Amino acid sequence: MVFSKNYLPLARINLKRAIVLLVTGQAETLNFGSTQQWEVRSPSVVLQISEHIRLTSGKPGRHWKVLPVSRREVFRRDSHTCQYCGITKKLTLDHVLPRSKGGSHTWDNVVTVCERCNSAKGDRLLHETAMQLRTKPKAPLHSAIVFAEQF
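Notes on the structure in this doc start here. Quantities reported herein were computed from a predicted structural model and do not represent experimental measurements.

So, how was this worked out
- Residues numbered from 1 in each chain as written.
- Predicted model: local features only at pLDDT ≥ 70, side-chain atom pairs only at ≥ 80, totals over all residues.
- Heavy atoms only, no water.
- Helix = DSSP H or I, 4+ residues; strand = E, 2+ residues; numbered from the N terminus.
- Contact = heavy atoms within 4.5 Å.
- Areas by Shrake-Rupley, 256 points an atom, 1.4 Å probe, with all protein chains shown as cover.
- Pairing = 2+ DSSP bridges.
- Salt bridge = Lys/Arg side-chain N within 4 Å of Asp/Glu carboxyl O.
- Buried < 20%, exposed > 50% of the residue type's maximum accessible area, 1.4 Å probe, protein only.

1. Considerations on the overall build of the protein
From N to C terminus, the protein includes four helices and eight strands. Start at the N end of the protein and walk to the C end: the helices and strands fall as β-β-α-β-β-β-β-α-β-β-α-α. If you take every contact in the protein between residues at least 6 apart in sequence, the share linking residues at least 24 apart comes to 57%. Only carbon and sulfur atoms are counted for the fraction: they give 53% of the accessible area of the protein, which is about 10,100 Å².

2. So, the pairing of strand β5 (residues 46-50)
One ladder, built from five bridges, connects strand β4 (residues 37-41) with β5; its direction is antiparallel. Bridging from a neighbouring strand, Glu39 pairs with Gln48 of β5. Here β4 hands over to β5 after four residues, the two strands then running antiparallel side by side.

3. Section: the pattern of salt bridges
Opposite charge on two side chains lets them pair, provided their charged atoms get close. Using the criterion set out here, one finds five salt bridges in the structure. Residues Glu28 and Arg54 are paired through a salt bridge, measuring 2.8 Å at the closest nitrogen-oxygen approach. Linking Glu28 in strand β3 (residues 27-30) with Arg54 in strand β6 (residues 52-55), this pair joins segments that are 26 residues apart in sequence. Overall, the relative accessible area of 31% leaves Glu28 in the partly exposed class. With its nearest N and O atoms 3.5 Å apart, the salt bridge here joins Asp94 to Lys121. Of this pair, Asp94 sits in strand β7 (residues 91-95) while Lys121 sits in helix α3 (residues 115-121); the two residues are 27 residues apart in sequence, bridging distant segments of the chain.

Structure follows, in structure tokens:
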């Protein structure tokens, strides 16, 4: 397991790649007590390689790119469910604040809806209708953050 300079989990790598990172000085081993260790020998070097290593080079902070808003990703975020009534058939997208009233095509403004709810809401604001969102729309988590939460 490779961790960033500030101890965020980045990826799983094979032993050969870990050896290269350690020998070139780009990483250091981390000992968490009960982790597995391997001893790798060459004619001139004996390396103790831990199950976890940390990169010593690179940028300390990491800026995650937000995925662009797309139909497929909005459906995935909303679990292919209408955000007004809960139906899972005949889905489309809706802008909570309509574009005609200054709304933008962003993660915070786009939700999955069924055709019936979309035509019922039309070009109106939520408070002008009797509809309520089931969940507040937000940008999905970056896949690296989801991976990091496993640890």
